[in-house]
Structures are given as structure tokens and as C-alpha cells.
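Structural overview
Here's the letter readout for the chains.
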Amino acid sequence: MQKILFVEDESALQRAVSNVLVDQGYKIFSAMDGETAIALAVKELPDLILLDLIIPKKDGFAVLTELKQNKATMNIPVIILTNLESNADVEQALALGATT
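Residues numbered from 1 in each chain as written. Predicted model: local features only at pLDDT ≥ 70, side-chain atom pairs only at ≥ 80, totals over all residues. Heavy atoms only, no water.

**What about the sheet that holds strand β3 (residues 48-52)?**
Pairing is parallel in the open sheet, where four strands are placed in the order β2-β1-β3-β4. Looking at which strands have only one partner, the edges of the open sheet turn out to be β2 (27-31) and β4 (78-81). Across the sheet, the mean angle separating the axes of adjacent strands is 20° when strand polarity is ignored. In this sheet, β4 lies alongside β3 in parallel orientation, the contact comprising four bridges. Each residue of the ladder has a partner; that of Leu 50, found in β4, is Ile 79. Of the strands in this sheet, β3 and β4 touch helix α3 (residues 60-69), which is tilted by about 155° from β3. (Pairing = 2+ DSSP bridges. Helix = DSSP H or I, 4+ residues; strand = E, 2+ residues; numbered from the N terminus. Axes fitted to C-alpha atoms, helices over the stretch in contact; angles between N-to-C directions. Contact = heavy atoms within 4.5 Å.)

**Overview of the environment of Ile 79**
Tracing the sequence through the fold places Ile 79 in strand β4. Relative accessible area serves as the criterion here: at 33%, Ile 79 is assigned to the partly exposed category. C-alpha of Ile 79 to C-alpha of Ile 54: the two residues are 25 residues apart in sequence and 14 Å apart in space. (Buried < 20%, exposed > 50% of the residue type's maximum accessible area, 1.4 Å probe, protein only.)

**Quick word on the pairing of strand β1 (residues 3-7)**
Within β1, four of the five residues are buried, which leaves it mostly tucked inside the rest of the structure. Judged from the five bridges that link them, β1 and β2 form a sheet pairing that is parallel. Across the sheet, Val 7 pairs through a bridge with Ala 31, a residue of β2. The parallel pair β1 and β2 is bridged by helix α1 (residues 11-23), and the resulting crossover is right-handed. In terms of strand pairing, β1 meets β3 through four bridges, oriented parallel. Each bridged residue has a counterpart across the sheet, and for Ile 4 the counterpart in β3 is Leu 48. (Right-handed = clockwise from strand over helix to strand, strands pointing away.)

**Comments concerning the nonpolar core**
Core analysis: the largest hydrophobic core is formed by 20 residues, its most contacted members being Leu 5, Val 7, Ile 49, Leu 51 and Val 63. In contact with Leu 5, other than residues within four places in its own chain, are Phe 29, Ser 30, Ala 31, Ala 37, Leu 40, Ala 41, Pro 46, Leu 48, Ile 49 and Leu 50. By size, the runner-up hydrophobic cluster in this structure holds six residues, among which are Ile 4, Phe 6, Ile 28 and Leu 50. (Core = buried A, V, L, I, M, F, W, Y, C linked by side-chain atoms within 4.5 Å.)

**Quick word on the side chain of Thr 73**
Mapped onto the elements of the fold, Thr 73 is located in the loop between α3 and β4. The class for Thr 73 is buried, based on a relative accessible area of 1%. In this structure the side chain of Thr 73 is engaged in a polar contact, spanning 2.7 Å, whose partner is the backbone oxygen of Leu 67. (Polar contact = N/O pair within 3.5 Å; in protein donor to acceptor, adjacent residues only side chain to side chain.)

Below, the structure written as C-alpha cells:
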């Protein structure tokens, strides 16, 4: 069973997306803040990380940077989910290693 870490601080969205992914046969780990996201990523080594950029404690950019600097998590694909519309934000996420 493939594992997905879903990092989102909006609980309704967290539940809705997690339910859909579970129904599709994925094992879901949820984090509502950046510190928890990093800890879960290192512990569970998911196959994919869905990462919001605007989250408490450590923002998505800091989480992405830390994940890509850690040998254990550096090769896990990270898909950015955000409502930020700035091209600079998208370019920064891609430069830090987000999956295209």
C-alpha cells in the first residue's frame, strides 16, 4: 500500500482529501504544521508528500528545504498545494525541489 503524507492546516480540507485518498487505497498520514510534517516524513518515509505552503510552525518552503536536505527524505516527491498565486512562490518551490 502506498503511503501519502498530506500537510494541510485547514481541517475540513484535510479530512475531505484524506477520505478520497483512503477510498482510493492509499495509507494517509496527516500533519497540520511544518514540524509535525518533517517528523512524520522521517518516521514513515511516505511515497509522496502533498504540501501546503502556508502552514504553522514551519512554512512549506522551510519544510521542503529540510526534506530535500535530509538523505532519508530527499528523493520523496513533493507536490505543492497552495492558493498562493505568485509566480515567484511557484518558482521558489520548484527551485527547492518540488515535483513538477
